[in-house]
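If you want the building blocks of each chain, they are given just below.
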Amino acid sequence: MRRRTLITGAVGAVGALVGAGIPPAAAASDARRRVVHVRPGDSVQAAVDTLADTAGDPVGNPADGPGPTIVVHPGTYREVVHIPSAVRNLTLLGASRDPRDTVVVYDHANGTQKPDGSGTYGTAGSATFTSAAPGLTVRGLTIANDWLRADHPEITGTQAVAAYVTGDRSRFERVRFLAHQDTLFADTTALDSFDRQYYRDCYVEGDVDFVFGRGRAVFDGCRLHTLDRDVSFKPEGMVFAPATARANPYGFLAVRCRVTSGAEDGAYKIARPWVPSYETTAWPSLVVRDTRLGPGIDAVAPYIDMREAYPWQTMRFREYANSGPGAVVPVPENRPQLTAAEAAEHTRGTYLGDWRPYEQRY
């Protein structure tokens, strides 16, 4: 298995910057405008750390207006990025209009040993990008974990997260999330915290449970792409694995999305419920509506159990008004559908409440 090509067109973009007399200098900040520029050779994390050092005043409270902005110029940034909760209302912006031009990537897995000998990273710790910051906006770049199972047969903990997101009002627009198992960990800061996340026009690819967690997350007009695995068994993987807290009335909502596949027809399931061993009260919730499901989805049996003790039929899994070959309903009991009245409750507005990022266009 070859490592995927993560960046397309960036060389020309960087050349244009240099040709215009803009050198790849160290990250520089305009304190008055609270804008930090990061260019090839710089560190995105160093820019975040600069803001974190002064988070008490310039960043403000979650209810305040716009916070600081980090503009990341075209290039590949091989590093781990962590945005702490103190850096509120941050905007992380790819300088190019094409998210393929600006790539943040690393290659830790769950079972990767830490260099200090203290153990392995674990699933959450494997993430290339981690944010606990409320009011975060990320736009126009790629976040990737390019760790590959084939390169590390000695490692059994093969989860390798691209982005681990908590914090209320986290927004991602035109962002590409690339990995294999557990690509996007959409979670919450605590079991009793119903943190909201919004993903618009994003691209997420992976194979096993590649959108998972207990967050209240809306996927609006996104493309979810299943990868072809060199395995002899079926299913090859699942798109969603929600772990919604029982007290949370809403989990994942996919609306006006597309599910595409690089694998053979019927090789993937829409979802399986994740009830973590450390949180056995979870009641996973997923609604997929107004979405085109390609032939890669098993239309006969689109859901599967993760553990026999928690059958998917007892979970909050529903569909509504989907289309495409993967949305055909040959066995109705395998595809629970919302009524029109029920569908009126499962909207962006209901899930996100008084936060309405879908009303803003950029």
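Criteria and cut-off values
- For every chain, the first residue of the written sequence is number 1, and numbering continues from 1 onward in sequence order.
- In view of the model being predicted, local features appear only for residues whose pLDDT reaches at least 70, and side-chain atom pairs are presented and counted only at 80 or more, with totals across whole chains, interfaces and linings using the full set of residues.
- Only hydrogens and water are set aside when side-chain values are computed; all heavy atoms of the structure are taken into account.
- The numbering of helices and of strands both runs from the N terminus, where a helix is a DSSP run of H or I of at least 4 residues and a strand a run of E of at least 2.
- Any two residues whose heavy atoms approach within 4.5 Å at even a single point are treated as in contact.
- Pairs of N or O atoms are called polar contacts if they sit within 3.5 Å, as long as, within protein, a hydrogen donor faces a hydrogen acceptor (for residues adjacent in sequence, only side-chain-to-side-chain pairs).
- DSSP bridges decide pairing: two strands pair if at least two such bridges lie between them.
- The convention used is that axes are lines fitted to C-alpha atoms, helices contributing only their stretch in contact, and that angles between N-to-C directions extend from 0 to 180 degrees.
- Throughout this description, buried means an accessible area under 20% of the type-specific maximum (1.4 Å probe, protein chains only), exposed means over 50%, and partly exposed covers the range between.
- Residues belong to a common nonpolar core when they are buried Ala, Val, Leu, Ile, Met, Phe, Trp, Tyr or Cys residues joined through side-chain atoms within 4.5 Å.
- Salt bridge, as used here, is a side-chain nitrogen of Lys or Arg placed within 4 Å of a carboxyl oxygen of Asp or Glu.

Caption draft 1: Here's a closer look at the environment of His 108. Positionally, His 108 belongs in the loop between β7 (102–106) and α3 (122–125). Separated by 19 residues in the primary sequence, His 108 and Ala 127 have C-alpha atoms spaced 7.0 Å apart. With residues near it in sequence (within four places) discarded, His 108 still touches Val 80, Tyr 121, Ser 126, Asn 145, Trp 147 and Ala 160. Side-chain polar atoms of His 108 contact the side chain of Tyr 121, separated by 3.3 Å.

Caption draft 2: Examining the sheet that holds strand β11 (residues 163–165) more closely. Pairing is parallel in the open sheet, where seven strands are placed in the order β5-β8-β11-β14-β17-β20-β23. Bordering the open sheet on either side are β5 (81–83) and β23 (268–271), each of which pairs with just one other strand. Strand-to-strand twist across the sheet, computed as the mean angle between neighbouring axes with direction ignored, equals 10°.

Caption draft 3: A look at unusual backbone geometry. With an omega of 0°, the peptide bond between Lys 234 and Pro 235 qualifies as cis. Residue placement: Pro 235 occurs in the loop between β19 (223–226) and β20 (237–242). The backbone phi angle of Arg 256 is positive, close to 55°, even though this residue is not glycine. Following the sequence through the fold, Arg 256 ends up in the loop between β21 (252–255) and β22 (258–261). Classification of Arg 256 as partly exposed rests on a relative accessible area of 45%.

Caption draft 4: Highlighting the nonpolar core. Formed by 61 residues in total, the largest nonpolar core has its most connected members in Ile 70, Phe 129, Phe 172, Phe 177, Tyr 199, Phe 219 and Phe 240. Examining the composition of this core, we find that four residues originate from one element, helix α2 (residues 44–53), more than from any other. Not counting residues up to four positions away in its chain, the partners in contact with Phe 129 are Val 81, Ile 83, Leu 92, Leu 136, Val 138, Ile 143, Ala 162, Ala 163, Tyr 164 and Phe 172.

Caption draft 5: The arrangement of the pattern of salt bridges in detail. Tallied over the full model, the rule gives 17 salt bridges. Asp 209 is the partner of Arg 272 in a salt bridge, and the nearest nitrogen-oxygen pair spans 2.8 Å. Of this pair, Arg 272 sits in the loop between β23 and β24 (285–289) while Asp 209 sits in strand β17 (residues 208–213), and the two are 63 residues apart along the sequence. There is no split in this pair, since Arg 272 and Asp 209 are both buried. In this structure, Arg 214 engages Glu 279 in a salt bridge whose closest nitrogen and oxygen atoms are separated by 2.5 Å. Separated by 65 residues along the polypeptide, Arg 214 in the loop between β17 and β18 (216–220) and Glu 279 in the loop between β23 and β24 bring together distant segments of the chain. Just as Arg 214 is buried, Glu 279 falls in that class too. Beyond isolated ion pairs, a larger network of salt bridges with shared partners links Arg 139, Glu 173 and Arg 200.

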